[in-house]
Amino acid sequence: MANETEILTGADIILRCLATENVTHIFGYPGGAALHIYDAIYRQDKVQHISVRHEQGAAHAADGYARATGKPGVVLVTSGPGVTNTVTGIATAFMDSIPLVVFTAQVASPLIGNDAFQEVDAVGITRPCVKHNFLVKDVTKLAETIKKAFFIATTGRPGPVVIDIPKDVTAQKCEFIYPDSVDIRSYKPVFKGNKRQMQKALELIFAAQKPVIYTGGGVVLDNSSEQLIEFTQELGFPITQTLMGLGSYPANDKQFLGMLGMHGTYEANMAMHQCDVLIAIGARFDDRVTGDLERFCPYAKIIHIDIDPSSISKTVTADVPIVGSAGQILQEMTQAIRESSEKVNAHYLANWWRTIENWQEKNCLHYHQGEDKIKPQAVVEALYQVTQGQAIVTSDVGQHQMWAVQYYKFNRPRQWINSGGLGTMGFGLPAAIGAQLAFPQETVACITGESSIQMCSQELATCKQYHLPLKIISLNNGYMGMVRQWQEFFYDKRYACSYFESLPDFVKLAESYGHVGICVEKPHDVMPALEQAFYAENKNRLVFLDFRVDPSENVYPMVAAGKAHNEMILSPMPAIREMELI
Amino acid sequence: MRHTISILVENEAGALSRIAGLFSARGYNIESLTVAPTEDATISRMTLVTRGSDAIIEQIIKQLNKLIDVIKLVDLTEGKHLEREMLLIKLSTETIEESDEVQRLVDIFRGRVIDVCATSYIVELSGHGDKLDAFIAAIKHSKILETVRSGVSGIARGNNSLHV
């Protein structure tokens, strides 16, 4: 608790609150309405401000910081365009339930509603893409509102919270009292799972013949990786994960089937289709995961564990819904399984694993790296080797994102950072900035494409300013690859607007920002280029690797939109093709 | 099916638009929505009438509960409850016969004439929406100058009550 006689301005109160919340970095961009706050930043040394080049970058960087650390990311932008530029970043965080506290400066109170210079209705514009938002009209409410914002952003199903503060409020003074806790009568997240429901879930688990565990970002957000591993290994069940869930179960483990869904593995999708009990944990049955809802897991009883009741039975009806914290529920259930006189049926489980091993033999991710063109998959595999699987990897959106998760094996949570829900191109570089600032000693790589990187490439300057030694792995195929792939498959190869007439020289672009640029055109140069980027004289520098990859390469397997899990399009590679779909 | 949902919300700026926004963003329909403060100045009560399958109503209730400003809600349709709506209607009464006709209908429907001028009456009528519909149907369309309906207010019968 602060000294009770302390009288501070609104701007100073904000900074004091952030310091009390142990915020280390604010990501932002100044402007007229935010200047009192920026002056307060100047007069303190507890919180470091990271100056980005575009407000979208600020929101993504704070988001990357939050995903890498589990702590809330903090953003500060000015009114008007500062707010509107931030909206994409806020929506990105909202879709993936990432805790952010976003301070948006507002024009002075008397000007609100007058169409003042740089005025937008920040609360109105952000309302559909925040967990909650506030307009603070009274400086005496400011500290408590900030406390509420951190509480709401980080508890229950996390999400971004916007605090809009008129300029005059940041100049007004009042006594500074930061509450230790807040009680919001209308917001009481449930953490403990219902005992009866858990008992019902256990009955299904013990009776299962073909069980599958399917987990999503909720396990990562709840820091429940350990509990998930214990639960899964206690049962010996196969496990598959969504794009957002990767890392929370080690990809190298033999029980891991890979990702499921549109570009999931053959074995994961077939197991989903055939399973008789599905244990969904912290996942929301997104359309990219389920495919055709009518034919989704047609034989399965579904147990669904989630902190957010509205995620349960939203698209797929759960037979056993359990609301609560994934970690607590998994721990209790693992305990109950260990203490139970009943056991999982080993005979059925062994048969089930034999079926799955048959699917695995198809080797659905197989590709052939010839002498001529670089295969994008080979670049990701080489990256995995060079970084010994230890890098924090961010990505943008498209083919490269799918290859990243198919060929880089994530073995720990928060190692894989991407925009899953909103699918925001331009996310990767600023997110990598946030992750690198959070973990200066770790290797951070951004797997991107030549289209995505151009959506936030201005942040290369931010990297220079803060000496961030990111490694940018650009899989440059000259196309918006995923768009081109859909046009090839579903639009009779009419490649409408999916390529650019001109691309920058990425090597020179990187160099112009003071970084290192390397262009790689031949397969045998891939590994040497990566080694050059990650070690020796470039270890502490940002290196932009422009890999010229085979433009005709597609992401396989693929469950086309509206198709069922057992209707995958497989790679035309002969080794895969010759086996028939079951 | 038609559902009537009562919602207690924080009496704060933006609470109404959060609820209205939720319905438009998720494609749910609002048939009627009323809102006013309660005896506790910090709380407003809304009565919301919507239609949807059981699954959609379940989602609507979950999504409403998820809003930070929503304190508590109840689907009145699950139990016995009362619904009332008020109608104010201005009717053209240019002749004695027309005035008499209006007065007769008002008596039958147990409404009240609350304003009279040379050529028009204002009638106040409250009751279930069906009753208001029936009254409006009984009036010749050309004689209706203006109608205003309050939207539905609802409350559960018996000892169940919605409070914080």
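See above for the structure.
Residues numbered from 1 in each chain as written. Chains lettered and ligands numbered in written order. Predicted model: local features only at pLDDT ≥ 70, side-chain atom pairs only at ≥ 80, totals over all residues.

K.L.:
Report on the overall build of chain A, specifying residues and quantitative values.
P.N.:
Scanning chain A for helices and strands turns up 22 helices and 20 strands. Taking 2.2 N^0.38 as the reference for a compact globule, 582 residues should give roughly 25 Å; the C-alpha atoms of chain A span a radius of gyration of 25 Å, in line with that estimate. Along the first, second and third principal axes, the C-alpha atoms of chain A reach 75 × 60 × 45 Å. Counting all 582 residues of chain A, 55% fall into the buried class. Contacts in chain A between residues far apart in sequence, at least 24 positions, make up 78% of those at least 6 positions apart. (Helix = DSSP H or I, 4+ residues; strand = E, 2+ residues; numbered from the N terminus. Rg over C-alpha atoms; globule rule 2.2 N^0.38 Å. Buried ≥ 20, exposed ≤ 12 C-beta atoms within 10 Å, placed from the backbone. Contact = placed C-beta atoms within 7 Å.)

K.L.:
Describe in detail the packing of helix 15 (residues 376–386) of chain A against helix 21 (residues 526–534) of chain A, supporting the description with residues and values.
P.N.:
Residue and element names in this part refer to chain A. The interhelical angle for the contact between helix 15 and helix 21, taken along N-to-C directions, is 45 degrees, at an axis separation of 10 Å. Of the possible angle classes, the one that applies to helix 15 and helix 21 is oblique. Crossing handedness for the pair helix 15 and helix 21: right-handed. Across the interface between the two elements, Ala-378, Val-379, Ala-382, Leu-383 and Val-386 of helix 15 pack against Val-526, Met-527, Leu-530, Glu-531 and Phe-534 of helix 21. Residue composition of the contact of helix 15 with helix 21, by class: nine nonpolar, no polar and one charged. (Axes fitted to C-alpha atoms, helices over the stretch in contact; angles between N-to-C directions. Parallel < 35°, antiparallel > 145°, perpendicular 65-115°, else oblique. Left-handed = near helix turned anticlockwise from the far one by under 90°. Nonpolar A, V, L, I, M, F, W, Y, C, P; charged D, E, K, R; others polar.)

K.L.:
So what's going on with the interface of chain A and chain B? Which residues, and what values?
P.N.:
In this complex, chain A contributes 12 residues to the contact, which on the side of chain B involves 16 residues. The class makeup of the residues in the side of chain A that touches chain B is five nonpolar, four polar and three charged.

K.L.:
Any chance you could break down the pairing of strand 5 (residues 81–92) of chain B for me, citing the residues and the numbers?
P.N.:
Side-chain direction in a regular strand flips from residue to residue, so the side chains alternate between the two faces of the sheet. Residues and elements named next belong to chain B. Across four bridges, the pairing between strand 5 and strand 9 (residues 153–156) is antiparallel. The residue of strand 9 that forms the bridge with His-81 is Ala-156. Here five bridges tie strand 5 to strand 8 (residues 144–149), and the two strands are oriented antiparallel to one another. Following the sheet pairing, Leu-87 is matched in strand 8 by Arg-149. (Pairing = 2+ DSSP bridges.)

K.L.:
Quick one: what's the story with the nonpolar core, residue by residue and with numbers?
P.N.:
Among the nonpolar cores identified, the biggest contains 203 residues, and Val-75, Ile-90, Leu-278 and Val-379 of chain A are the most heavily contacted of them. Counting residues in hydrophobic clusters, the runner-up holds nine residues, among them Ile-89, Leu-91, Tyr-121 and Phe-135 of chain B. (Core = buried A, V, L, I, M, F, W, Y, C linked by C-beta atoms within 7 Å.)

K.L.:
Any details on helix 1 (residues 15–26) of chain B? Residues and values, ideally.
P.N.:
Residues and elements named next belong to chain B. Look at helix 1: 17 Å from first C-alpha to last across 12 residues, which is about the 16 Å you get at 1.5 Å a residue. Within helix 1 the residues assigned to the buried category are Ala-15, Arg-18 and Ile-19. The buried residues of helix 1 all sit within an arc of 95 degrees when viewed along its axis, so they share a single face. Across from the buried face of helix 1, at angles greater than 90 degrees, the exposed residues are Ser-24 and Ala-25. Check the buried side of helix 1 and you find it contacts strand 1 (2–10), strand 3 (43–51) and helix 2 (54–66). Among the residues trailing helix 1, Gly-27 stands out with phi positive, at a value near 75 degrees. (Expected span 1.5 Å × (residues − 1). Arc of directions from axis to C-beta.)

K.L.:
Please set out the sheet that holds strand 4 (residues 70–75) of chain B residue by residue, giving values where relevant.
P.N.:
Residue and element names in this part refer to chain B. Spatial ordering of the open sheet is given by 2-3-1-4, a layout of four strands whose pairing is antiparallel. Edge positions in the sheet fall to strand 2 (32–37) and strand 4, since each has one partner strand and no second. Across the sheet, the axes of successive neighbouring strands diverge by a mean angle of 15 degrees, strand direction being ignored. Two strands pair when backbone bridges link them, and strand 2 and strand 3 are joined in this way by six bridges, in the antiparallel orientation. Looking at strand 3, one finds that Thr-34 is bridged to Thr-47. Running over the sheet, helix 2 touches strand 1, strand 3 and strand 4 and is turned about 160 degrees from strand 4.

K.L.:
Give a detailed account of unusual backbone geometry, specifying residues and quantitative values.
P.N.:
Residue and element names in this part refer to chain A. In this chain, Tyr-556 is followed by Pro-557 through a cis amide linkage whose omega measures -10 degrees. Note that Pro-557 resides in the loop between strand 20 (543–548) and helix 22 (574–577). At Asp-115, a position not held by glycine, the phi torsion is positive, near 55 degrees. Structurally, Asp-115 can be placed in the loop between strand 5 (100–106) and helix 5 (122–126).

K.L.:
So what about the sheet that holds strand 20 of chain A? Which residues, and what values?
P.N.:
Residues and elements named next belong to chain A. Read from one edge to the other, the open sheet built from six strands follows the order 16-15-17-18-20-19, with strand pairing classed as parallel. Looking at the sheet topology across the chains shown, the edges are occupied by strand 16 (416–417) and strand 19 (516–520). Pairing of strand 18 (residues 471–476) with strand 20 involves six bridges; the strand directions are parallel. From the neighbouring strand, Ser-474 faces strand 20, where its bridge partner is Asp-546. Of the strands in this sheet, strand 17 (444–449), strand 18 and strand 20 are in contact with helix 15, which crosses strand 18 at around 165 degrees. Strands in contact with helix 17 (residues 428–438) are strand 15 (392–395), strand 16, strand 17 and strand 18; relative to strand 17, the strand with the most contacts, it is inclined by about 175 degrees.

K.L.:
Account for the environment of Ser-153 of chain B, with residues named and values stated.
P.N.:
Residue and element names in this part refer to chain B. Relative to the assigned elements, Ser-153 resides in strand 9. C-beta crowding within 10 Å serves as the criterion here: with 19 such atoms nearby, Ser-153 is assigned to the partly exposed category. Remark: the alpha-carbon pair of Ser-153 and Glu-58, spanning 95 residues in sequence, is separated by 21 Å. Ignoring sequence-local partners within four residues, the contact set of Ser-153 consists of Thr-34, Thr-47 and Arg-84.

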